[in-house]
Structures are given as C-alpha cells and as structure tokens.
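# Observations on chain architecture
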Amino acid sequence: MVRKVAIAGALVALFSIPAFAATEYWVAMDAATKKCEVVTTKPDGTKQTDAGKQTYSTQADAEKAMKELPACK
C-alpha cells in the first residue's frame, strides 16, 4: 500500500512540474500598430510578430532587449 501511494505521489509530482515552470517572455510587434510589447505567450505571426527572435527568462531582460531592438525604435 505504501508503495502505491509513493508511486502515485511521484506521478502527480512528475505531471505537475511543467505547470510550475518558469515563465518565458517574448518581444512582440503588433502587426497593425507596429508597436512593440513584452508578452508571455509566443507571438502567433499574424496579429503579433516575434521582434526579438528569442525568449527571455525575466520581464526585465525582455524590456531591456525591446529598447535595444532596431525594429522597436
């Protein structure tokens, strides 16, 4: 019985870890207004395009990159 509980606990932990994963940030350019913004979902390529071509681990890093990107100036 203890073994089944341990296995069930391990499975729950294994499947819940991705839910607690670190958030990724992208610099996206709105297709209509041509203004850049930091978003937490990957730009879809139609309404928003990926201006930075990479992900950032913190919002501060993404905002810093947004200020330096030629497309966002």
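An account of the accompanying structure is given in this report. (Residues numbered from 1 in each chain as written. Predicted model: local features only at pLDDT ≥ 70, side-chain atom pairs only at ≥ 80, totals over all residues. Heavy atoms only, no water.)

### Notes on the nonpolar core
- Ranked by size, the top nonpolar core spans 10 residues in total: Tyr25, Val27, Met29, Cys36, Ala51, Tyr56, Ala62, Ala65, Met66 and Leu69.
- Counting residues per element, the ones that place at least two in this core are β1 (26-30) and α2 (59-68).
- The residues contacting methionine 29, other than those within four sequence positions of it, are Lys34, Lys35, Cys36, Lys47, Gln48, Thr49, Ala51 and Ala71. (Core = buried A, V, L, I, M, F, W, Y, C linked by side-chain atoms within 4.5 Å. Buried < 20%, exposed > 50% of the residue type's maximum accessible area, 1.4 Å probe, protein only. Helix = DSSP H or I, 4+ residues; strand = E, 2+ residues; numbered from the N terminus. Contact = heavy atoms within 4.5 Å.)

### Considerations on the sheet that holds β1
- In space, the three strands of this open sheet follow the order β2-β1-β3, with antiparallel pairing throughout. Bordering the open sheet on either side are β2 (36-39) and β3 (48-50), each of which pairs with just one other strand. Going across the sheet, the axis of each strand differs from the next one's by a mean of 40°, ignoring polarity.
- Pairing between β1 and β2: four bridges, direction antiparallel. From the neighbouring strand, tryptophan 26 faces β2, where its bridge partner is valine 39.
- Sitting on the sheet, α2 is in contact with β1 and β2, with an inclination near 165° to β2. (Pairing = 2+ DSSP bridges. Axes fitted to C-alpha atoms, helices over the stretch in contact; angles between N-to-C directions.)

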